[in-house]
Amino acid sequence: MEAGVGLALQSRATGFGSGRRRSAMYGGESRARAVSLRVSDLVGSPAAVRARGAKPVVPLRAKKSSGGGHENLHNSVDDALLLKRKSEEVLFQLNGRCIYLVGMMGSGKSTVGKILAEVLGYSFFDSDKLVEQAVGMPSVAQIFKVHSEAFFRDNESSVLRDLSSMRRLVVATGGGAVIRPVNWKNMKKGLSVWLDVPLEALARRIAKVGTASRPLLDQPSGDPYTMAFSKLSMLAEQRGDAYANADVRVSLEEIASKLGHDDVSKLTPIDIALEVLKRGIVVWVPHKIFYFHSTSA
């Protein structure tokens, strides 16, 4: 099988939950301001966004890992073909509707979202980054520190409202976006997908990379894993019902079990993206909701 399948693919060696990096502010003033700037001012008009949708957002490359040689490359190409086939099956049913990925912080929404955007020919946006750009501050943590969580949530709602007027987008939302009904009102104009990750896996990942960029988890002292798990458990208790509002739930535990893994950390972003497409896409039409299920394996 030829490697040039026309689809850029991340290495199978890349595991679930690679670190999220925040960009520096784009020429914004150092003085924070409330968002009077619309998302279209930051990313272009809806027409421009749609035009850009046919272009891959982040190139993903198929490549051999050091441990598997040609076998790993063969598996990567097979995954690439399967991922592309699944995306073609659901594109017609989506009919340009946006996809909103929801889930706890650190659940891999941005990583998986970029893969989905590429294979669907959509554009990808991270709502946290759009808030940072609109407010003119370099991180969510700084917005929380200088202003408040409520200030951030207000701007987050404005961003999601503007994105909901566009088409052909994959949007990675902040972990707490689900707590406001107005955000669901806007996200329900598209397809919402919950990436459900075990708290233990989230706590391990967050403890490893640190909590400085995650203001709701940042603690001055204590064992990083224990503190992260305790806080995540509290947030999950508060938000569990809200996440369940999503049209589609993708459980990483179920994916790992199906693939014969004993730990979700062994999953790749490709595994998760494939499951999003395989599980069946909820398609909205006026006064009716129905499910489109993939017929092939």
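Up top is the structure.
Here's a quick rundown of the structure. Keep in mind that what you see is a predicted model, and the values were worked out from it rather than measured.

## Observations regarding the packing of aromatic side chains
Step number 1: Counting across every chain of the model gives three aromatic pairs.
Step number 2: Aromatic pair Phe144 and Phe152: ring centres 5.5 Å apart, planes at 50°, arrangement tilted.
Step number 3: Phe144 gets classed as buried once you look at its relative accessible area, which sits at 15%.
Step number 4: Note on Tyr225 and Phe229: the rings are 6.1 Å apart at their centroids and 15° apart in plane angle, and the pair reads as stacked. Here the residue Tyr225 and the residue Phe229 both occupy positions in helix α10 (residues 224-243), the gap between them amounting to four residues, near one helical turn.
Step number 5: By relative accessible area, which is 30% here, Tyr225 ends up partly exposed.
Step number 6: Lying over the aromatic face of Trp194, Arg249 brings its terminal NZ or CZ to 5.7 Å of the ring centre.

## Examining the pattern of salt bridges
Opposite charge on two side chains permits them to pair, given that their charged atoms come into close proximity.
Step number 1: Summed over the entire model, instances satisfying the criterion amount to ten salt bridges.
Step number 2: Arg180 is the salt-bridge partner of Asp154, the closest N and O atoms lying 2.9 Å from each other. Of this pair, Asp154 sits in helix α7 (residues 149-163) while Arg180 sits in the loop between β3 (169-172) and α8 (181-187), and the two are 26 residues apart along the sequence.
Step number 3: The residue Arg249 makes a salt bridge to Asp196 at a minimum N-O spacing of 2.9 Å. Placement of the pair is Arg249 in strand β5 (residues 248-251) and Asp196 in strand β4 (residues 191-196), with a sequence separation of 53 residues.
Step number 4: Judged by its relative accessible area of 35%, Arg249 falls in the partly exposed class.
Step number 5: What emerges from the salt-bridge pattern is a single network uniting Glu149, Arg153 and Glu156.

## Remarks on the packing of helix α11 (residues 252-259) against helix α12 (residues 269-278)
Step number 1: Direction vectors running N to C along α11 and α12 enclose 105°, while the axes themselves pass 11 Å from each other. Classed by the angle they form, the pair α11 and α12 counts as roughly perpendicular. Of the residues in α12, those touching α11 at Leu252, Ile255, Lys258 and Leu259 are Asp271, Ile272 and Glu275.
Step number 2: Its residues placed into classes, the contact of α11 with α12 shows four nonpolar, no polar and three charged.

What counts and how
- Residues numbered from 1 in each chain as written.
- Predicted model: local features only at pLDDT ≥ 70, side-chain atom pairs only at ≥ 80, totals over all residues.
- Heavy atoms only, no water.
- Phe/Tyr/Trp six-rings, centres within 6.5 Å; stacked < 30°, edge-to-face > 60°.
- Buried < 20%, exposed > 50% of the residue type's maximum accessible area, 1.4 Å probe, protein only.
- Helix = DSSP H or I, 4+ residues; strand = E, 2+ residues; numbered from the N terminus.
- Lys NZ or Arg CZ within 6 Å of the ring centre and 35° of its normal.
- Salt bridge = Lys/Arg side-chain N within 4 Å of Asp/Glu carboxyl O.
- Axes fitted to C-alpha atoms, helices over the stretch in contact; angles between N-to-C directions.
- Parallel < 35°, antiparallel > 145°, perpendicular 65-115°, else oblique.
- Contact = heavy atoms within 4.5 Å.
- Nonpolar A, V, L, I, M, F, W, Y, C, P; charged D, E, K, R; others polar.

Structural measurements only, silent on function.
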